[in-house]
Amino acid sequence: MFADRIFTNAAVFQAAGADPADTVAVQGDTIVSVGRGIDRDMVGKHTEITDLGGASLLPGFVDAHAHPVAAGMAALRCDLSGLAHDRQTYLTAVADYAARNPDEAVIAGAGWYGDAFPDGFPTRHDIDSVVSDRPVILTSHDYHGAWVNTKALELAGITAATTDPAGGRIIRDHAGEPTGVLLDRGGDAVNNLIPEVTPAFMRQALLEAQRRLHSVGVTGWQDAAVGAEFFGLKDNFATYVEADEAGELTARVVGALWWEAEHGVEQIDGLRERRNRTGHARFTATMVKVMQDGICENCTAAMLAPYRAVAGHDTGQSFISPEELHKVTALLAGEQFGIHMHAVGDRAVRECLNALEHAIAEHPQFDGRHQIAHLDVVDPQDIPRFGRLGVIANIQALWARRDKEIVERKLPLLGPEREPWHFPFGSIQRHGGTLAMGSDWPVTDPNPLWAIHTAVHRTGTHADPHAIGDGVFDTPLQAQEGISLPSAIHAYTAGSAHANRQDRTGTIAEGMLADLVALDQDIFAVNDIGTAQVTQTVVGGETVYRAS
Ligand SMILES: [Zn+2]
């Protein structure tokens, strides 16, 4: 039996305890041997041999929480996400885009960071200075703010007299005039100005995102909001189903179907129906996404104790009441859906753990792989519950560093007593919790090596243009919460594969699917992990990316 492909002279990353190996042979879509040196009996006329020259061969990365269609749409529009955090750079990009697209009636874009502006917020006058004749709507990198020009406010009818909508805020000046930044649902009115995107555009966006993810070694992902419609995003369920049926999906994708907090248990029929329409080749929808709070930076994350440095006793918002949340999770587990919850504040984390504990007790037979994403602040009492309950910590490790935005906007809101509980990934793991890793792209960059660097060192990698702030490279954010390099790789591969219920991926071993990523260096020998580059990405034995 000849191998189709052999990777040799590689630093092969395997599960703990496996015999060291430098060679992996693949036949069809499967890994057929892992060992030392090339077995000449496996080399036939058509066997392709790749010599890695001592560089790493890892299991393909699995991004356990991403929004690739949104990211792809942003990439195809006025894309600010890769730029330096600088007002003039952003405005030049907007002006260039407008000049290149004279027929676009509404300019939509995304990816700006607040730290490029005094006080964290840009204004409509900034955009007016480059485009004033048509509406411009630019979503912030975290998808919680829209930066718009005066024309957009006019057409959306937003004036000093407009009251803040439920779940949103209009930023105003001292005279009450809208300044041009609209938070959360406050952005709905302007986003409604953007012409309906076509299915073809969404399909193109998905494929663009897939191309980018493959180029950073991602072979599979969980789309953490399939069916969500807010902030200009459209229901992407059909996009995945159709791409899969057309054979265009080269990644393995799990969809987390969006739970509408405003609707009740009656939406379960629709979710079941959707799940049944998946499973053609590479796309399944076995999870449901439940949002329980917002983010700390604008005080919408649900906290046990009030935010500091703001007036009053604001403890944020739980999107779903604890009683309702118990009902929802028990219902979903009863229907054999894995539950993927968004919880940022310590109160939201506790409410989600309570609800999952209840759901697991009601349906003990179901291997749900329930997970809580983000986990910005976790009360010490709740840390052992991840391991005890078998709830997966779905972490976005890239955030756990001293970015300017975090130091200036977030830490003052948490206060010194809560700072040690910030992104407590090491503690969760030490208490037996399983970690899965994801990027939340386009909120932040999808490069797994950057996130792995931060998971280990709790500092930024020099490769990342968004690592900005005093001490971001040399002062760890809660160093005791760093995890080992093998643990971090494991989380972004086997951990996420487990979270995605893709049990034949995530590990390099005989009989597993050949989802692999080759690097240009040995990741265990480099100083700054983020500077390593992907040379080749393989899914099911097929090369889906090769560095040129
Ligand atoms: Zn997300």
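The shown structure was predicted, so the numbers you read here are calculated from the model rather than taken from an experiment.

Caption draft 1: Quick look at the domain arrangement of the protein. Domain boundaries in the protein define domain 1 (5–59 + 509–546), domain 2 (106–191) and domain 3 (258–499). Every contact between the two is made by 13 residues of domain 1 and, on the other side, 14 residues of domain 3. Between domain 1 and domain 3, a total of about 1100 Å² is buried, with carbon and sulfur atoms accounting for 75% of that surface. One can count 0 salt bridges joining domain 1 with domain 3. Applying the counting criterion to the domain 1 and domain 3 interface returns 5 residue pairs in polar contact (both at pLDDT 80 or more). Among the residues forming the side of domain 1 that touches domain 3, the class breakdown is 9 nonpolar, 3 polar and 1 charged.

Caption draft 2: Seen up close, the coordination of the zinc ion. Every protein donor of the zinc ion is listed here as His-65 (NE2), His-67 (NE2) and Asp-440 (OD), and their distances to the metal cover 2.1 Å. Considered as a linear motif, the donors of the zinc ion on their single chain read H-x1-H-x372-D. Highlighted residues: His-65 in strand β7 (residues 61–66) and Asp-440 in the loop between β20 (435–437) and α14 (448–457), separated in sequence by 375 residues. For His-65, a relative accessible area of 1% puts it in the buried group.

Caption draft 3: Here's a closer look at the pairing of strand β6 (residues 56–59). When strand β2 (residues 11–12) meets β6, the two strands line up parallel, connected through 2 bridges. In the strand pairing of β6, Ala-11 is matched with Ser-56. Of the strand pairs in this sheet, β6 and strand β21 (residues 516–519) are connected by 3 bridges, and their pairing is antiparallel. Bridged to Pro-59 within β21 is Leu-516.

Caption draft 4: Here's a closer look at the sheet that holds strand β3 (residues 23–27). Taking strand neighbours across the sheet as the criterion, the 4 strands line up as β4-β3-β1-β5 in an open arrangement whose pairing is mixed. A single partner strand is all that each edge strand has here, and the edge strands are β4 (30–35) and β5 (48–51). Averaged over all adjacent pairs, the angle separating strand axes in this sheet is 15°, with direction ignored. Across 5 bridges, β3 lies against β4 in antiparallel orientation. Along β4, the bridge assignment pairs Ala-25 with Ser-33.

Caption draft 5: Layout of the environment of Thr-47. Locating Thr-47 in the fold gives a position in the loop between β4 and β5. Linking Thr-47 and Phe-2, residues 45 residues apart in sequence, is a C-alpha distance of 7.1 Å. Contact partners of Thr-47, with chain neighbours within four places excluded, come to Phe-2, Ala-3, Asp-4, Arg-5, Ile-6 and Met-42. At 2.6 Å, the side chain of Thr-47 forms a polar contact with the backbone oxygen of Ala-3. A polar contact of 2.8 Å, which involves the side chain of Thr-47, links it to the backbone nitrogen of Gly-44.

Cut-offs applied
- Residues numbered from 1 in each chain as written.
- Predicted model: local features only at pLDDT ≥ 70, side-chain atom pairs only at ≥ 80, totals over all residues.
- Heavy atoms only, no water.
- Domains from an automatic or database assignment.
- Contact = heavy atoms within 4.5 Å.
- Buried area = accessible area lost by both parts, 1.4 Å probe.
- Salt bridge = Lys/Arg side-chain N within 4 Å of Asp/Glu carboxyl O.
- Polar contact = N/O pair within 3.5 Å; in protein donor to acceptor, adjacent residues only side chain to side chain.
- Nonpolar A, V, L, I, M, F, W, Y, C, P; charged D, E, K, R; others polar.
- Donors = N, O, S within 2.8 Å, 3.2 Å for Na, K, Ca; no water.
- Helix = DSSP H or I, 4+ residues; strand = E, 2+ residues; numbered from the N terminus.
- Buried < 20%, exposed > 50% of the residue type's maximum accessible area, 1.4 Å probe, protein only.
- Pairing = 2+ DSSP bridges.
- Axes fitted to C-alpha atoms, helices over the stretch in contact; angles between N-to-C directions.

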